[in-house]
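What follows is each chain in one-letter form.
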Amino acid sequence: MVEDPLATADCLQITRDVGFDRLLMGGKPGTTACPLPFQADSVKTARDVTRSTLRAWGLHDLSDDAALVVSELVTNAVRYAMYAAGRREIELLLMRVAPHVLLAVADPSDEVPRPKEPDFISENGRGLYIVETYSQCWGWDPLARGGKAVWALFRADG
């Protein structure tokens, strides 16, 4: 995550301006939304949608890093939000907010995402570390209907 407090404040302001609740209600220009079921192959679908969307936006150089981060966000949503009450799907959102790209995964769980100390020997527990490492910043916002959107922001200079 970005260490500079001003940069972090900028990231948070961008996500507040976006308004995830409004995005989830309908498409806007420069936005891609993709509903995903709670199943393991949703991770591959999310990666494919992310890569194809960023390439269509002319952001080829960003597509692999963004796909990796989306993989982690969707994996966490599938793993931790599967048993939350309410909606039975998660939603991938990609938005071009020049000069940035905002990636978000909305899920029905109200549980706050908490980074763990990465254990590089273990098979899991590194997801948010990877998100933090590859993105400019990341965070989460509660949704009015319940649940949350976990997001990552990338600088898109392309």
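Check the entry above for the structure.
Residues numbered from 1 in each chain as written. Predicted model: local features only at pLDDT ≥ 70, side-chain atom pairs only at ≥ 80, totals over all residues. Heavy atoms only, no water.

Draft legend 1. Highlighting the packing of helix α3 (residues 42-56) against helix α4 (residues 60-81). At a closest axis distance of 8 Å, the pairing of α3 and α4 adopts a crossing angle of 155°. What the angle tells us is that α3 and α4 run roughly antiparallel. Of the two elements, α3 crosses α4, and the hand of that crossing is right-handed. Of α4, the residues touching α3 (which contributes Ser42, Val43, Ala46, Arg47, Thr50, Arg51, Leu54 and Arg55) are His60, Leu62, Ser63, Asp64, Ala66, Ala67, Val70, Ser71, Val74 and Thr75. (Axes fitted to C-alpha atoms, helices over the stretch in contact; angles between N-to-C directions. Helix = DSSP H or I, 4+ residues; strand = E, 2+ residues; numbered from the N terminus. Parallel < 35°, antiparallel > 145°, perpendicular 65-115°, else oblique. Left-handed = near helix turned anticlockwise from the far one by under 90°. Contact = heavy atoms within 4.5 Å.)

Draft legend 2. Broad picture of the environment of Tyr80. Structurally, Tyr80 is set in helix α4. Residue class for Tyr80 comes out partly exposed when judged on its relative accessible area of 45%. (Buried < 20%, exposed > 50% of the residue type's maximum accessible area, 1.4 Å probe, protein only.)

Draft legend 3. Molecular detail of the environment of Asp41. You can see Asp41 is positioned in the loop between β1 (31-37) and α3. Overall, Asp41 belongs to the partly exposed group, its relative accessible area being 47%. Along the chain, Asp41 and Thr75 lie 34 residues apart, while their C-alpha atoms are 9.6 Å from each other.

Draft legend 4. View of α3. Here α3 is 15 residues long and its end C-alpha atoms lie 21 Å apart, about the 21 Å a rise of 1.5 Å per residue gives. Where α3 is buried, its residues meet β1, α4, β2 (89-97) and β3 (100-107). Note on α3: the residue one or two positions beyond its end, Gly58, has a positive phi of about 80°. (Expected span 1.5 Å × (residues − 1).)

Draft legend 5. Main features of the pattern of salt bridges. Across all of its chains, the model carries three salt bridges by this definition. Across the salt bridge formed by Lys44 and Asp48, the nearest N and O atoms sit 2.6 Å from each other. Residue Lys44 and its partner Asp48 are both found in helix α3; the two are separated by four residues, about one turn of the helix. (Salt bridge = Lys/Arg side-chain N within 4 Å of Asp/Glu carboxyl O.)

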